[in-house]
Amino acid sequence: MMQKPQLERQASGGSRMPSNPLKSLRLLPCGGYGVDDDTVWNDSFTSSAARIAAGCTVDLALKVANYELKNGFAIVRPPGHHAEPQQAMGFCYFNNVAIAAKTVIAQTNITRIAIIDWDVHHGNGTQRAFLDSPNVLYLSIHRHDDGTFFPGTGAIDECGVGSGVGLTVNIPFTGGINPPCGDPEYLAAFRVVVMPILREFQPEMILVSAGFDACMGHAPNLGGYMVTPECFGFLTNQLMSVCGGRVAMALEGGYELRAVCACSEACTKTLLGEEIPSIPLDHVRAKPHDKAVQVLEQCRLLQSRFWESLKLPCTVGLSVLEANQREREADTVQALQALSVAGSHQLDIRPSSVQSRH
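Given the structure is predicted, the values throughout are model-derived calculations rather than measurements.

### What about unusual backbone geometry?
Residue Pro-78 is bonded to the preceding Arg-77 through a cis peptide linkage, with omega at 5°. The peptide bond linking Phe-150 to Pro-151 adopts the cis configuration, its omega dihedral lying at 0°. Positionally, Pro-151 belongs in the loop between strand E8 (136-143) and strand E9 (168-173). Notably, Phe-91 is not glycine yet its phi reads approximately 75°, a positive angle. Its place among the elements puts Phe-91 in the loop between strand E6 (71-74) and helix H2 (96-107). The phi torsion at Asp-145 lies on the positive side, around 50°, for a residue other than glycine. With respect to the element layout, Asp-145 can be found in the loop between E8 and E9.

Shown next as structure tokens:
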């Protein structure tokens, strides 16, 4: 007969710390035990499966941290980012990525880790674990819908507390699936928030909570977004441009098997340096929709209190093609200005050298 320990649920807010009801293991309609209808406890398998998932993620992170591997992907289940210090929830029992990050900091010389969480659900447990940490940047892109989408945390003003203020960054897309977020919105989020902050923070290692329930093919209640596997591969490539490519990924959510397989393959091939199909051209040409632009602008404004890179001018509502064109034009202008300055210096030097010979 299994024991039914009490599991306290802790809040994961930043500026707001709402109280949550105590949740404990209980008998479910299916006849099994769990903390809720989707987080079921199985005497024979749950404990070992959860421990293996956490152990594999820790092992991978340490190998990447110690340069035994350049990068890697822990394809594990159950996921972890909803698990809080004393509460299992949302299919999660141990917070795999949070445990890995804490282990790396405790056992290696690494002092700055960035955790990127692109699961469609906010990683309340991971945010909670590092809310006041000066060593870990937690950055989440998720569906929020003003707190009505599970788990309800991850509002834009949850920015950390104490020594961790400014190191929690939430991009909480809203508006449900009318229209749904997809490649244009996620590409814009990386361009105007994620990558500028990462480059400024200069992490020594990146951990990715790689949930794929934002991928196209998931029902509205499970995500309803339209991100493509190719986009996830591209985002992985972006992350590899930071900290020498020391990236360790761990599987989080994702409930449509074909979508999870396609996204995992795209990310793994990217980590291996293999080519993957390009993002569909119409997605690259499309601008992020207005609701997403509003969220990104609000995020940049709020986070600019902590990040100098977000104080620089930026047009959020551009497509990838438009943004790249602007960057090329700006690079051309800078190059011409540099040539002009160099030329003027040469002209200044020549008359003085001629006069000196007279």
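Next comes the rest of the description.
### Some remarks on helix H8 (residues 290-303)
Over its 14 residues, H8 runs 20 Å from end to end, which matches the ideal 20 Å to within 8%, given 1.5 Å per residue. Within H8 the residues assigned to the buried category are Ala-292, Val-293, Val-295, Leu-296, Cys-299, Arg-300, Leu-302 and Gln-303. Next to the buried residues of H8 lie E9 and helix H4 (183-201).

### A look at the state of the cysteines
Evaluated as defined, the whole model comprises zero disulfides. Not engaged in a disulfide, the cysteine Cys-159 finds its nearest cysteine sulfur in Cys-299; these two sulfurs lie 8.0 Å apart. As a non-bridged cysteine, Cys-267 has Cys-263 as the owner of its nearest cysteine sulfur, 6.7 Å distant.

### With respect to the pairing of E8
Burial analysis of E8 places eight of its eight residues in the buried class, which makes it a mostly covered element. Going residue by residue along E8, you find Val-136, Tyr-138, Ser-140 and His-142 tucked away on one face and Leu-137, Leu-139, Ile-141 and Arg-143 tucked away on the opposite face as well. Bridge analysis of strand E7 (residues 113-117) against E8 gives five bridges, and the strand direction is parallel. Within the sheet, the bridge partner assigned to Ile-113 lies in E8 and is Val-136. Of the crossover connections in this fold, the one passing from E7 over helix H3 (residues 124-129) to the parallel E8 is right-handed. Pairing between E8 and E9: six bridges, direction parallel. In the strand pairing of E9, Leu-139 is matched with Val-169.

### Side note on the pattern of salt bridges
In the structure shown here, the tally under the stated rule is six salt bridges. The salt bridge involving Glu-204 is made with Arg-112; its shortest N-O contact spans 4.0 Å. Note that Glu-204 is positioned in the loop between H4 and strand E10 (205-210) and Arg-112 in the loop between H2 and E7, a separation of 92 residues in sequence. Accessibility expressed as a relative area gives 22% for Glu-204, which makes it partly exposed. Between Lys-311 and Glu-308 there is a salt bridge; the shortest N-O distance is 3.0 Å. A residue is classified by how much of its surface remains accessible, and Lys-311, at 48% relative accessible area, is partly exposed.

### A few points about the environment of Cys-314
Relative to the assigned elements, Cys-314 resides in the loop between H8 and helix H9 (320-357). Distance in space between the C-alpha atoms of Cys-314 and Val-192 is 7.2 Å, their sequence separation being 122 residues. Ignoring sequence-local partners within four residues, the contact set of Cys-314 consists of Arg-191, Val-192 and Arg-300.

### A short note on the packing of aromatic side chains
According to the stated counting rule, one finds seven aromatic pairs in the structure shown. With a centroid separation of 6.4 Å and an interplanar angle of 65°, the aromatic rings of Phe-73 and Phe-212 are classed as edge-to-face. Within this pair, whereas Phe-73 is found in strand E6, its partner Phe-212 is found in the loop between E10 and helix H5 (229-240), the two being separated by 139 residues in sequence. Consider the rings of Phe-173 and Tyr-186, whose centres lie 5.9 Å apart with planes at 50°: the pair is tilted. With Phe-173 in strand E9 and Tyr-186 in helix H4, this residue pair connects regions lying 13 residues apart in the sequence. Grouping residues by exposure puts Phe-173 and Tyr-186 together as buried. A cation sits over an aromatic face here: Arg-246 above Tyr-67, 4.0 Å from the ring centre.

### Some remarks on the sheet that holds E8
Spatially, E6-E11-E10-E7-E8-E9 is the arrangement adopted by the six strands of the open sheet, whose pairing is parallel. Either end of the sheet is taken by a strand with one partner, and the two such strands are E6 and E9. Going across the sheet, the axis of each strand differs from the next one's by a mean of 10°, ignoring polarity. Docked against the sheet, helix H1 (residues 46-65) engages E6, E10 and strand E11 (247-251), running at close to 175° with respect to E6. Strands E6, E7, E10 and E11 of the sheet are contacted by H5, whose axis makes an angle of about 145° with E11.

### As for the layout of surface pockets
Picture a little ball the size of a water molecule; that probe, rolled over the atoms, points out where space is still empty. As a volume, the largest pocket reaches approximately 680 Å³. Every residue lining the largest pocket is counted, 23 residues in all, and those nearest its centre are Arg-191, Val-192, Pro-196, Cys-314 and Glu-327. Going through the elements one at a time, H4, H5 and H9 are the ones with two or more residues in the lining of the largest pocket. Top contributing element to the lining of the largest pocket by residue count: H4, with seven residues. Partitioning the lining of the largest pocket into residue classes produces 14 nonpolar, four polar and five charged.

Basis of the calculations
Residues numbered from 1 in each chain as written. Predicted model: local features only at pLDDT ≥ 70, side-chain atom pairs only at ≥ 80, totals over all residues. Heavy atoms only, no water. Helix = DSSP H or I, 4+ residues; strand = E, 2+ residues; numbered from the N terminus. Expected span 1.5 Å × (residues − 1). Buried < 20%, exposed > 50% of the residue type's maximum accessible area, 1.4 Å probe, protein only. Contact = heavy atoms within 4.5 Å. Disulfide = S-S within 2.5 Å. Pairing = 2+ DSSP bridges. Right-handed = clockwise from strand over helix to strand, strands pointing away. Salt bridge = Lys/Arg side-chain N within 4 Å of Asp/Glu carboxyl O. Phe/Tyr/Trp six-rings, centres within 6.5 Å; stacked < 30°, edge-to-face > 60°. Lys NZ or Arg CZ within 6 Å of the ring centre and 35° of its normal. Axes fitted to C-alpha atoms, helices over the stretch in contact; angles between N-to-C directions. 1 Å grid on protein atoms, 1.4 Å probe; cavity = no way out; pocket = protein on both sides within 12 Å on 5 of 7 lines; lining within 4 Å. Points joined across faces, edges and corners; volume = space filled by probe spheres on them. Nonpolar A, V, L, I, M, F, W, Y, C, P; charged D, E, K, R; others polar.

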